[in-house]
Amino acid sequence: MPAKRGLITDTFKVVKRARTRDQKPPSPPESEPEIPVISERERDLQELKTFDLDWHFGPCIGISRLQRWERAALHGLDPPREIKELLQSNEDDPEYTQCLWRDYPL
Amino acid sequence: MFSDTVVQKESTLLGPPGPAEPVFERETLSYTSCCDRFQLGERSFNRQYAHIYAARLIQMRGVLEQRAQKMWGGPIPIRKLGDLKIGEQCVIVGTVFKHMELQPSILREISEEHNLLPQPPRAKYISQSDELILEDELQRIRLEGSIDTAMFVTGTVIAVKGAERNDGKFTVEDFCLSDLPEQPPRQRLESNRFVLLASGFSLGGTSADSMLGLQLLVDMVTGHLGDQGEQSSMASISRILLAGNLLSRNTQNKDSNKAKYLTKKTQAGSVEAVRLLDELLVQLVASVPVDVMPGQYDPTNYTLPQQPLHRCMFPLSNPYPTLQLVTNPYQACVDGVRFLGTSGQNICDIVKYSSMDDHLEVLERTLRQRHLAPTAPDTLGCYPFYQSDPFIVDVCPHVYFSGNAPCYQSKRITGPEGQDVLLVTIPEFSSTQTACLINLRTLECEQIRFSSFSTEDNEETEMNGNGLCCL
């Protein structure tokens, strides 16, 4: 119950916290910015994944990437030639030749 | 008319045999079979049908966009479904999907919560509540407005003009089909040459009514009927095409519920029927080239494109090079005249899922849509193609036919660029005893009926002594 005609701040003084907005905590020492090292293989796989997900060339599940590339070339959709070179140079690697969802059954 | 080609010599039938037997040469025509696109090499069924629909849309989109430009003019933009703005008049191109309540659905059948019995087969699966939906590569939108839902079937690729409404449906003002493709010019022929088309022999069935008609047909074509005038005119028939259903429906063994010990020693009905067919064919191939197409009840695969019947089934006719076993959608170039046609499964399927009943009308519509079997993966069995859709008609034929129709019909249609096509629905021989004759020089078609008891009066021609009625 407040004192008669008194504010609570008469009893408890207002103490403002020190303004710390302008003061930042000390920053850690700056180190060299790290460039994430992506191997060439990962870059290739990323490019192939983009090719898989491009809707212009139709569905990708159930056929190999080379088959899909050839279908796109047949219908005049102009698929990038680098993809074909990538696929032809890595014929033995299923991660290259089969689509993104190769591990999932029909 | 074929009967006009009968050279009226004096009758040679009722007279003593002459010193020398005249021999009538049958002309051999140049023939190239273009059935390669329907031949399946190695078959892999590890694919979904999305590929064939995507290939269909990719192949037809260019053509439809051109037609739409020509029909509705430049200023109306062609949009993809993802770029539609509400209220803007535009043109969209896509595949039609018809949502039908009565369409048999396997999921509904096996769903236990509905407790439904399997639906009995109906003649037509359309109803008033059907809806048309247009799908493009990424989205789909419902179509309403001035478009006749009952006339379309799933799988047709069309272009529609209209605007999207606030509630997400597309109001159609007009639609356009891809119409006839380009047609290569046809060389003029000098003499009358005929091709005989027949289908639906239904051998091995329970009733043998059509055997007399069949034997009459064979005898007529091989020149064993009539006097010398008629025999010489038969020599102008240069090719025979049998469009499917050579075996009867009864030869299909449906008794899978019978115990194994009851069916062990019984022979399949089709064995005897194929033997009958072989005996019939050997008489024909000895004298004229024959193309044999498989049909719905023939011993080959069920899905379209049906592969040719195997040569080992015809030991008697096999040695003859005139026997050509061909695929079900059939394409060939006979003496410069392009033939394209099927055994009728595609037309019957469209009749079941649309309001059209007339086989000829459906045939014309499939040609104007440039697709042999639009219902193909949806309600008609189809091989899962992935690279391209082989049922798209990219070159316009001169003769377009379908077999096993309920009656004979033929029509000549013209295309927007001056294409001239003869449409023929070949009747089922077992019920109508009718075959068709196409004149390659004039592209006219007429029917020829082999009934032993004709109900109409025989006032047509003079060939009535054998019970042969030529119309």
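Residues numbered from 1 in each chain as written. Chains lettered and ligands numbered in written order. Predicted model: local features only at pLDDT ≥ 70, side-chain atom pairs only at ≥ 80, totals over all residues. Heavy atoms only, no water.

Looking at an unreviewed UniProt entry, one finds chain B named DNA polymerase delta subunit 2 and attributed to Denticeps clupeoides.

This part covers the overall build of chain B. The number of helices and strands found in chain B is ten helices and 19 strands. The buried share among the 471 residues of chain B stands at 51%. Surface accessibility of chain B: about 21800 Å² in total, with carbon and sulfur atoms responsible for 50%. (Helix = DSSP H or I, 4+ residues; strand = E, 2+ residues; numbered from the N terminus. Buried < 20%, exposed > 50% of the residue type's maximum accessible area, 1.4 Å probe, protein only. Areas by Shrake-Rupley, 256 points an atom, 1.4 Å probe, with all protein chains shown as cover.)

To continue, consider the interface of chain B and chain A. The interface is formed by 16 residues belonging to chain B together with 13 residues belonging to chain A. Of all residues in chain B, the largest losses of buried area upon contact with chain A belong to B:H51, B:I58 and B:Y386, amounting jointly to 39% of the total for that side. Our count for the chain B to chain A interface comes out at zero salt bridges. Summed over the shared surface of chain B and chain A, the result is five residue pairs in polar contact (both at pLDDT 80 or more). (Contact = heavy atoms within 4.5 Å. Buried area = accessible area lost by both parts, 1.4 Å probe. Salt bridge = Lys/Arg side-chain N within 4 Å of Asp/Glu carboxyl O. Polar contact = N/O pair within 3.5 Å; in protein donor to acceptor, adjacent residues only side chain to side chain.)

What follows deals with the packing of helix α7 (residues 345-352) of chain B against helix α8 (residues 359-368) of chain B. Residues and elements named next belong to chain B. Contact geometry of α7 with α8 gives a least axis separation of 10 Å together with a crossing angle of 105°. As summarised for this structure, α7 and α8 are arranged roughly perpendicular, according to the angle between their axes. In this structure, α7 uses I347, C348, I350 and V351 to contact α8, whose residues at the interface are H359, V362, L363 and T366. Among the residues forming the contact of α7 with α8, the class breakdown is six nonpolar, two polar and no charged. (Axes fitted to C-alpha atoms, helices over the stretch in contact; angles between N-to-C directions. Parallel < 35°, antiparallel > 145°, perpendicular 65-115°, else oblique. Nonpolar A, V, L, I, M, F, W, Y, C, P; charged D, E, K, R; others polar.)

All names here are of chain B. Tracing the sequence through the fold places N404 in strand β14 (residues 399-405). Taking relative accessible area as the criterion, N404 reaches 10% and is therefore assigned buried. A distance of 3.3 Å separates a polar atom in the side chain of N404 from the backbone nitrogen of G200. Side chain to side chain, N404 and N245 meet in a polar contact 3.4 Å long. With residues up to four places along the chain from it excluded, the contact list for N404 reads S199, G200, A243, G244, N245, S343, I426 and E428.

So, about a nonpolar patch on the surface. The grouping of A:L53, A:I61, A:W101 and A:Y104 at the surface amounts to a nonpolar patch, some 430 Å² of accessible area in total. Inspection of the secondary structure puts A:L53 in helix α2 (residues 40-53). (Patch = residues over 30% accessible without salt bridge, like charges linked within 9 Å, V, L, I, M, F, W, Y side chains within 5 Å.)

A separate point is the nonpolar core. Residue and element names in this part refer to chain B. Core analysis: the biggest nonpolar cluster contains 37 residues, and L196, F201, L242, V290 and V292 have the highest contact counts within it. If one sorts the elements of this core by residue count, helix α6 (residues 269-285) sits on top with seven residues. Sequence-distant contacts of V290, defined by excluding residues within four places in its chain, comprise I240, L242, L281, L284, V285, T322, L323 and Q324. Formed by 32 residues, the second largest nonpolar core is a distinct cluster that contains M100, V351, V362 and L363. (Core = buried A, V, L, I, M, F, W, Y, C linked by side-chain atoms within 4.5 Å.)

Another point: the confidence of the model for chain B. Residues and elements named next belong to chain B. Of the residues in chain B, 89% reach a pLDDT of 70 or more, and the chain-wide mean stands at 86. The secondary structure element of chain B with the lowest average pLDDT is strand β19 (residues 469-470), at 44, and the one with the highest is strand β16 (residues 420-427), at 95. Segment residues 455-471 is flagged for pLDDT under 50; beyond a separation of four residues in sequence, or across chains, it makes 26 contacts in the model. Both confidence scores are given for the complex: pTM 0.84, ipTM 0.82. (pLDDT = per-residue confidence, 0-100.)

Here we come to the pattern of salt bridges. All names here are of chain B. In total, this model carries 26 salt bridges over all chains according to the counting rule given. Between K124 and D357 there is a salt bridge whose closest N-O contact spans 3.2 Å. Within this pair, whereas K124 is found in the loop between α2 (106-110) and β4 (131-135), its partner D357 is found in the loop between α7 and α8, the two being separated by 233 residues in sequence. According to the relative accessible area criterion, D357 is exposed, its value standing at 55%. Of the charged contacts, one joins R275 and E272 as a salt bridge, the two residues approaching to 2.5 Å between their closest N and O atoms. One end of the pair is R275 and the other is E272, both in helix α6 and three residues apart, which spans about a single turn. Take R275: its relative accessible area is 42%, and that puts it in the partly exposed class. Each of R61, E65, D136 and E137 takes part in one network of salt bridges that share partners.

Here the focus is the sheet that holds strand β13 (residues 337-342) of chain B. All names here are of chain B. Pairing is mixed in the open sheet, where six strands are placed in the order β1-β12-β13-β14-β16-β15. Strands at the two margins of the open sheet, each flanked by one partner only, are β1 (31-33) and β15 (409-414). Taking the axes of each pair of neighbouring strands and ignoring which way they run, one obtains an average angle of 20° across the sheet. (Pairing = 2+ DSSP bridges.)

Attention shifts here to the environment of B:R365. By the secondary structure assignment, B:R365 is in helix α8. Ignoring anything within four residues of it in the chain, the contact list for B:R365 reads B:M151, B:F152 and B:M356.

Our focus in this paragraph is the packing of helix α3 (residues 65-74) of chain A against helix α4 (residues 81-89) of chain A. Residues and elements named next belong to chain A. Two elements in contact, α3 and α4, have axes whose closest approach is 10 Å; the angle formed by their N-to-C orientations is 150°. Here α3 is positioned roughly antiparallel relative to α4, judged by the angle of their axes. Note that α3 runs across α4; the crossing there is left-handed. Touching R65, L66, W69 and E70 of α3 are R81, I83, K84 and L87, all from α4. (Left-handed = near helix turned anticlockwise from the far one by under 90°.)

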